[in-house]
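Structural features, examined
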Amino acid sequence: MAGPAFLIVLTGLGAVLIGDGLAAAANPRGHTARVRGGTPPAAQEGTSDQLADVRDLWIHAGDTPLVKGISFGIGRGEIVGIVGESGSGKTLTAMSLARLLPDGLTSTASRMAVGDLDLRRPVPPALMAEAVSLIYQDPGSTFNPALRMGTQLTEVLRTHKRLGGREAARRILDALRVVHLTRPEQRMKQHPHELSGGMRQRAMIAAALAVEPRLIIADEPTTALDVTVQAEILRELKRVNREFGASIMFISHDIGVVRALCDRVLVMYRGEIVEEVVAAELTVETARHPYTRALLEATPDIDASWTPPRTKEHSHG
Ligand SMILES: Nc1ncnc2c1ncn2[C@@H]1O[C@H](COP(=O)(O)OP(=O)(O)OP(=O)(O)O)[C@@H](O)[C@H]1O
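As a convention, each chain's residues are numbered from 1 in the sequence order in which they are written. Local features in this predicted model are restricted to residues of pLDDT 70 or higher, and side-chain atom pairs are both shown and tallied only at a pLDDT of 80 or more, whereas totals for entire chains, interfaces and linings draw on every residue.

**Notes on the overall build of the chain**
Working definition: helices are DSSP H or I runs of at least four residues, strands are E runs of at least two. Numbering for both runs from the N terminus. Helix and strand counts for the chain come out as eleven helices and 14 strands. In the chain, the share of contacts with a sequence separation of at least 24, taken over all contacts with a separation of at least 6, comes to 71%. Two residues qualify as a contact pair if the distance between their C-beta atoms, derived from the backbone, is within 7 Å.

What follows is the structure, encoded as structure tokens:
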């Protein structure tokens, strides 16, 4: 998927598109929770160091399996990368965890939990907003053109985190500066069409970070941005991870970045997880699956010395 990213903060009713307004955006695209399974084990059964737990996840388009019985966990404070060729099922896996599968697709899982929330069941919106933010790319998604950016960006903070308007605006302004949005105070007063696509994308990422959820799902969040801004956003993801212990699921085609940013990497191939490895150990020599080796060999900058820039002290508090 390509194009500007937008942010969805999940609610029990569906996604809240920041920028579309809560009232208009509860389940705005007709997505419904479709994760079903057998007898659901209690989410509390997960180990205390495990945040997300997905077991035997299948996603189908009619009779065609697109994701084939994958299982994975994400530890508390862990950054898990997902790599794989185009069409291998990375985005669908993320969407499913977010309960945002496109219409026409169905999924089943024997378990789908984030913390003590069983995502196959209705979850109170406030709890969901604190649990998961999804940053992903969708060129067709926009802010509500009728509302000012500030109104839309602060909405989840005001509604679900119950912050006052001033505090919500302060946090968003901090986050907008972090993602290098110029003249953030002015942007907050503007309407979406007055910002470029890249600016809107940065604003969405800022809002996701400002919510400080327990799990951030980032699906190629920086693909369309220039290298400097990309580095800042990756640094900010790392900061949120370190300071707040947020877990991150990071989907990318860039294995170099994934190796540097992530703790662990899942390699997907044709709907399956074919390899799971500690990120630092992901090399052509150590890769077990032929596809993983091919992926690594096809990445010219795999030994590039990119490392997450040093975390700078920065506080929303
Ligand atoms: N709404 C849909 N209906 C039918 N098939 C779909 C739908 N969305 C995705 N698919 C198919 O599911 C498979 C996995 O798609 P997915 O978007 O998860 O891949 P991906 O690994 O994220 O790819 P990319 O890196 O290009 O984003 C692909 O074969 C895709 O064509």
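**Considerations on unusual backbone geometry**
Positive phi is not limited to glycine here, since Arg 183 has a value of about 45 degrees. By the secondary structure assignment, Arg 183 is in the loop between α6 (165-178) and α7 (184-189). As a rule, residues whose C-beta atom has 12 or fewer other C-beta atoms within 10 Å are exposed, those with 20 or more are buried, and those in between are partly exposed; C-beta atoms are placed from the backbone. Looking at Arg 183, the number of C-beta atoms within 10 Å reads 10, which means it is exposed. Backbone geometry at Arg 270 places phi at a positive 50 degrees, although glycine is not the residue there.

**Some thoughts on the confidence of the model for the chain**
With 77% of its residues at a pLDDT of at least 70, the chain reaches an overall mean of 77. Strand β5 (residues 64-75) holds the highest mean pLDDT among the elements of the chain, 97, whereas helix α1 (residues 22-25) holds the lowest, 24. Confidence over residues 1-46 falls short of pLDDT 50; this stretch has 139 contacts with residues more than four positions distant or in other chains. Note on the complex model: pTM 0.76, ipTM 0.98. Per-residue confidence from the predictor is reported as pLDDT, a score between 0 and 100.

**Description of helix α9 (residues 227-244)**
Take the number of residues in a helix, subtract one, and multiply by 1.5 Å to get its expected span. The terminal C-alpha atoms of α9 lie 25 Å apart, and with 18 residues this matches the ideal 26 Å at 1.5 Å per residue to within 8%. All of the buried residues in α9 are Ile 233, Leu 234, Glu 236, Leu 237, Arg 239, Val 240 and Asn 241. Buried residues along α9 sit against β6 (79-84), α6, α8 (197-211), β11 (215-219), β12 (247-251) and α10 (255-261). Looking one or two residues beyond α9, the residue adopting positive phi is Gly 245, at roughly 70 degrees.

**Describing the site of the ligand**
As a structural note, the neighbourhood of the ligand is formed by 14 residues, with Ser 86, Gly 87, Lys 90, Thr 91 and Leu 92 the closest of them. Looking at which element gives the most residues to the shell around the ligand, the answer is helix α2 (residues 90-97), with three residues. Its residues placed into classes, the shell around the ligand shows six nonpolar, seven polar and one charged. Each residue receives a C-beta atom built from its backbone; the residue is near a molecule or strand if that atom lies within 6 Å of it. As a working rule, the residues Ala, Val, Leu, Ile, Met, Phe, Trp, Tyr, Cys and Pro are called nonpolar, Asp, Glu, Lys and Arg charged, and the rest polar, with Gly in that last group.

**So, the nonpolar core**
Any nonpolar core is a set of buried residues, restricted to Ala, Val, Leu, Ile, Met, Phe, Trp, Tyr and Cys, that join up through C-beta atoms within 7 Å. Ranked by internal contacts, the top residues of the largest apolar core, which has 86 residues, are Ala 206 and Leu 215. Top element by residues in this core is α8. It accounts for ten residues. For Ala 206, the residues in contact, after removing those within four places along its chain, are Ile 172, Ala 175, Leu 176, Val 178, Val 179 and Leu 181.

**Thoughts on the environment of Val 257**
Position of Val 257 among the secondary structure elements: in helix α10. Put simply, Val 257 and Val 267 are ten residues apart on the chain and 14 Å apart in space, counted from C-alpha to C-alpha.

**Notes on the pairing of β12**
Of all five residues in β12, five are buried, a share of seventy percent or more. The pairing criterion is simple: DSSP has to find at least two bridges between the two strands. As judged from the four bridges shared by β6 and β12, these two strands associate in the parallel manner. Along β12, the bridge assignment pairs Val 80 with Met 249. As judged from the five bridges shared by β11 and β12, these two strands associate in the parallel manner. In the sheet register, Ile 217 faces β12, and the bridge partner there is Met 249.

**A few points about α2**
Across the eight residues that make up α2, a large majority, seven, are buried. Residues of α2 that are buried include every one of Lys 90, Leu 92, Thr 93, Ala 94, Met 95, Ser 96 and Leu 97, and no others. Where α2 terminates, the next one or two residues include Arg 99, which has phi positive at roughly 60 degrees.

**Side note on the environment of Met 188**
Residue position: Met 188 is located in helix α7. Each C-alpha atom of the pair Met 188 and Met 249 lies 29 Å from the other, and the pair is 61 residues apart in sequence.

**Topic: the packing of α6 against α8**
Following both chains from N to C, one finds α6 and α8 inclined at 125 degrees, their axes separated by 8 Å at the closest point. Here α8 runs oblique to α6, going by the angle between their axes. Crossing of α6 against α8: the hand is right-handed. In contact with Arg 171, Ile 172, Ala 175, Leu 176 and Val 178 of α6, α8 contributes Ala 203, Ala 206, Ala 207, Leu 209 and Ala 210. Of the residues assigned to the contact of α6 with α8, the class counts are nine nonpolar, no polar and one charged. Fitted lines through C-alpha atoms serve as axes, helices being fitted only where they are in contact, and the angles separating the N-to-C directions of these axes extend from 0 to 180 degrees. Orientation is classified from the angle alone, with under 35 degrees giving roughly parallel, over 145 giving roughly antiparallel, 65 to 115 giving roughly perpendicular, and any other angle giving oblique. Two helices that cross are described as forming a left-handed crossing if the nearer one is turned anticlockwise from the farther one by less than a right angle, and a right-handed crossing if clockwise.

**Here's the deal with the environment of Gln 230**
Structurally, Gln 230 can be placed in helix α9. Counting along the chain gives 163 residues from Gln 230 to Val 67, while the straight-line C-alpha distance between them is 29 Å. If near-sequence neighbours (up to four positions away) are discounted, Gln 230 is found in contact with Thr 222 and Leu 225.

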